[in-house]
Amino acid sequence: MEDDRILERERYQMEQIRELESEELQVEEVDEESSDDETNYRSLGGASASGEFTYNTSLAALHSYLGDVEDTHNRLAFLDGGAVLNVPLFYLEGVVLFPEATLPLRVIQPNFIASVERALRQVDAPYTIGVIRVYKDPNDGRIKLATTGTTAEIRQYRHLEDGSVNVVTRGQQRFRLRRRWMDVEGSPCGEIQIVKEDLPLRTPREAVGRLTPLSIFRSSVHSQIPPINRSRADQYGFGNENDSDAMSEESFESELSPTERRLHQSALVSCDMLDESASSDDENIEQQFRIQPARSPFDSFRRSFSTGKKQEADGVRLALGKRSMPTDNTWKKYSLNQFREAPRAFWPSWVYQMYDSYSLAQRAAGRWKQIVRAPSMDSYITKPDLLSFHIASKMPVSESTRQELLEIDGISYRLRREIELLESFDCIRCRSCETLIAKRSNMLVMSSEGPLGAYVNPHGYVHEIMTLFKANGLAVIGYPVKEYSWFPGYAWSIAECATCETQLGWLFTATKKKLKPRSFWGIRSSQVADDSH
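Every value quoted in this text rests on a predicted model; they were computed, and no experiment measured them. (Residues numbered from 1 in each chain as written. Predicted model: local features only at pLDDT ≥ 70, side-chain atom pairs only at ≥ 80, totals over all residues. Heavy atoms only, no water.)

A.B. asks: Tell me what's going on with the overall build of the protein chain, and back it up with residues and numbers.
C.D. replies: Summing up its helical and strand segments, the protein chain has 16 helices and 18 strands in all. When burial is assessed residue by residue, the protein chain has 49% of its 533 residues classed as buried. Taking contacts inside the protein chain between residues at least 6 apart in sequence as the whole, the part at least 24 apart equals 66%. About 26,800 Å² of surface is accessible on the protein chain, with carbon and sulfur atoms providing 46% of the total. (Helix = DSSP H or I, 4+ residues; strand = E, 2+ residues; numbered from the N terminus. Buried < 20%, exposed > 50% of the residue type's maximum accessible area, 1.4 Å probe, protein only. Contact = heavy atoms within 4.5 Å. Areas by Shrake-Rupley, 256 points an atom, 1.4 Å probe, with all protein chains shown as cover.)

Right under this line is the structure:
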């Protein structure tokens, strides 16, 4: 029943594509603008982000320019982390494939056609190829291969009369390239090892070594913390199969230095005193702390950090230097419930928040929605691993930056880097001459897959492009062409940098009067400078 609905929706979308292609080309007339630096070039204005939008973004995600393709009906189960296997390799320049991202291919060269045929019939990993980014080293100009790539499953394919093959693949799992060779047919092959991904944990023990948070109220707080991944625990030395997930307090204290152990025991005295008087009302608790202030230097530091007071605390000078400490009146601001939630850990709670996968996922999703104006990301917040790959695959930054994201091990660390990029990303510049092309506010989502996606041209070259409704300093070459357009209903023209004449992408112009936006730009991520500030 579900398959019938999908087929019906695809038939309707294909009818829309045919209707758009039957329309006569209507090139929008625009005013020419000139400046001191660009007197001989046309400057074409794009659609306003706030204007009316009538284009169906799901059409671009179909890659209909490849023609009719057959579904393989093959869905490979995920391989275990650490598994080693041999697969055909595809070396792609300017492309970084992530898990769950779509990658179209037009395979023309005989050796790569043989690679596709081999992938279709192999037993160990049927319909699977390995995708590796190839790039030119900026220092010596030599061609190099990345060591981290992504397996891609062939979802759709079609054999053409000229012997070429059109393929639509989808990213599956990251891998490390162990070795590579050419088979008897000249097809590149490689031995790869699947990366063992970590699980999103609320307690990143690897970030602080063996220091584990212990709560006063174990029964109420411990149930809220998901169990640690056993394989990750073994990797970092967190006990063996006979140990419990939570470390004993004796083991915890044994890892501390004498000074740290004294500070930690001081914190326990304060917390135990609070535990014994938990049955008292809030007024008694506040009175007790007014008479005898907290004896934990780290607890004082954590609370003074949040209140921002400037008074000195003689009891914490020795351990932490000159810090601030709450006054008597400050304790009145805290309720009994807030004291009950105080962790018996060596580090303040905000340290752990910095590496909490779910907290980071919420921050990243909020920032992504704010910048890209994407729909609700609530479904991704509960799956931080998928969210980290989703944002990385759609983030309109340079290919080298995206390769950096692909190579990061650890969900929390990848999300932290993505948040940093989203907060700093502002300008898009030409990689060759650093000319300012556009700003973050000029982004436009023309595909349901996001503001950046991969497309293949008739000659087999794959390009990852980011779509913008406005761009500066670009020269349009030639007349609009309707054939083989990546966006049904739009004709394309080559766009070059007006300063260095490097091809940066294309201008797409509507072929139907009622289609909006009337025009937009597609900029190649491989030609975008690394600096995003």
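A.B. asks: Residue-level account of the environment of Val84, with values.
C.D. replies: If you trace the backbone, Val84 turns up in strand β2 (residues 84-93). Along the sequence, Val84 and Ile192 sit 108 residues apart, while their C-alpha atoms lie 5.7 Å from each other. If sequence neighbours within four positions are ignored, Val84 has contacts with Arg178, Glu191, Ile192 and Gln193.

A.B. asks: Before we move on, can you summarise unusual backbone geometry with the specific residues and values?
C.D. replies: The linkage connecting Lys516 with the following residue, Pro517, adopts the cis geometry, with an omega of 10°. The backbone of Tyr127 sits at a positive phi, close to 60°, despite the residue not being glycine. Tracing the chain through its elements places Tyr127 in the loop between α2 (110-121) and β4 (128-136). At Tyr484, a residue that is not glycine, the phi angle is positive and equals roughly 55°.

A.B. asks: Run through the nonpolar core, naming residues and quoting values.
C.D. replies: Leu387, Met395 and Trp521 are the most contacted members of the largest nonpolar core, which totals 43 residues. It is helix α12 (residues 357-372) that contributes the most residues to this core, seven residues altogether. Leave out the neighbours within four places in its chain, and Leu387 touches Ala361, Ala364, Ala365, Met377, Tyr380 and Leu415. If you look at the next biggest cluster of nonpolar residues, it comprises 41 residues, including Phe90, Leu120, Val167 and Phe520. (Core = buried A, V, L, I, M, F, W, Y, C linked by side-chain atoms within 4.5 Å.)

A.B. asks: Which residues make up the state of the cysteines, and what values go with them?
C.D. replies: Under the counting rule described, the total for this entry stands at zero disulfides. Just so you know, Cys430 is unpaired, no disulfide at all, and the nearest cysteine sulfur is the one on Cys500, 3.7 Å from it. In this model Cys497 remains outside any disulfide bridge; the closest cysteine sulfur is found in Cys433, 3.5 Å from its own. (Disulfide = S-S within 2.5 Å.)

A.B. asks: Let's hear about the packing of aromatic side chains: which residues, and what values?
C.D. replies: One pass over the structure, following the stated rule, counts 12 aromatic pairs. Ring centres of Tyr455 and Phe487 lie 5.4 Å apart, and the angle between their planes is 50°; this geometry places the pair in the tilted category. Of the two residues, Tyr455 is situated in strand β13 (residues 452-456) and Phe487 in the loop between β15 (474-481) and β16 (490-497); the sequence distance between them amounts to 32 residues. Judged by relative accessible area, which is 1%, Phe487 ranks as buried. Between the NZ or CZ atom of Arg416 and the centre of the ring of Tyr355, over which it lies, the distance is 4.8 Å. (Phe/Tyr/Trp six-rings, centres within 6.5 Å; stacked < 30°, edge-to-face > 60°. Lys NZ or Arg CZ within 6 Å of the ring centre and 35° of its normal.)

A.B. asks: How would you summarise the pattern of salt bridges if you had to cite specific residues and measurements?
C.D. replies: Counting across every chain of the model gives 17 salt bridges. Linking Arg176 and Asp409 is a salt bridge whose minimum nitrogen-to-oxygen distance equals 2.5 Å. With Arg176 in strand β7 (residues 165-182) and Asp409 in the loop between α15 (399-407) and α16 (411-424), this residue pair connects regions lying 233 residues apart in the sequence. A relative accessible area of 25% means that Arg176 is categorised as partly exposed. A relative accessible area of 43% places Asp409 in the partly exposed class. Residues Glu423 and Arg363 are paired through a salt bridge, measuring 3.7 Å at the closest nitrogen-oxygen approach. In this pair, Glu423 is assigned in helix α16 and Arg363 in helix α12, connecting sequence segments 60 residues apart. Taking the relative accessible area as the measure of exposure, Glu423 reaches 45% and is therefore partly exposed. Residue classification places Arg363 among the partly exposed positions, given a relative accessible area of 46%. When salt bridges that share partners are traced, they join Arg174, Arg176, Glu197 and Asp409 into one network. (Salt bridge = Lys/Arg side-chain N within 4 Å of Asp/Glu carboxyl O.)

A.B. asks: Tell me about the sheet that holds strand β14 (residues 462-468), and name the residues and values.
C.D. replies: Pairing within the open sheet is antiparallel, and its six strands lie in the order β13-β14-β18-β17-β16-β15. Two strands bound the open sheet, and with one partner strand each, they are β13 and β15. Ignoring which end each strand starts from, the neighbouring axes of this sheet average 35° apart. Taken together, the five bridges between strand β17 (residues 503-510) and strand β18 (residues 519-524) define a ladder with antiparallel strand orientation. (Pairing = 2+ DSSP bridges. Axes fitted to C-alpha atoms, helices over the stretch in contact; angles between N-to-C directions.)

A.B. asks: Can you tell me about the pairing of β13, naming the residues and giving the values?
C.D. replies: Of all five residues making up β13, five are buried, and the element is well covered by its neighbours. Taken together, β13 and the strand that follows it, β14, pair antiparallel across an intervening segment of five residues, in which Gly460 is found at a positive phi of about 95°.

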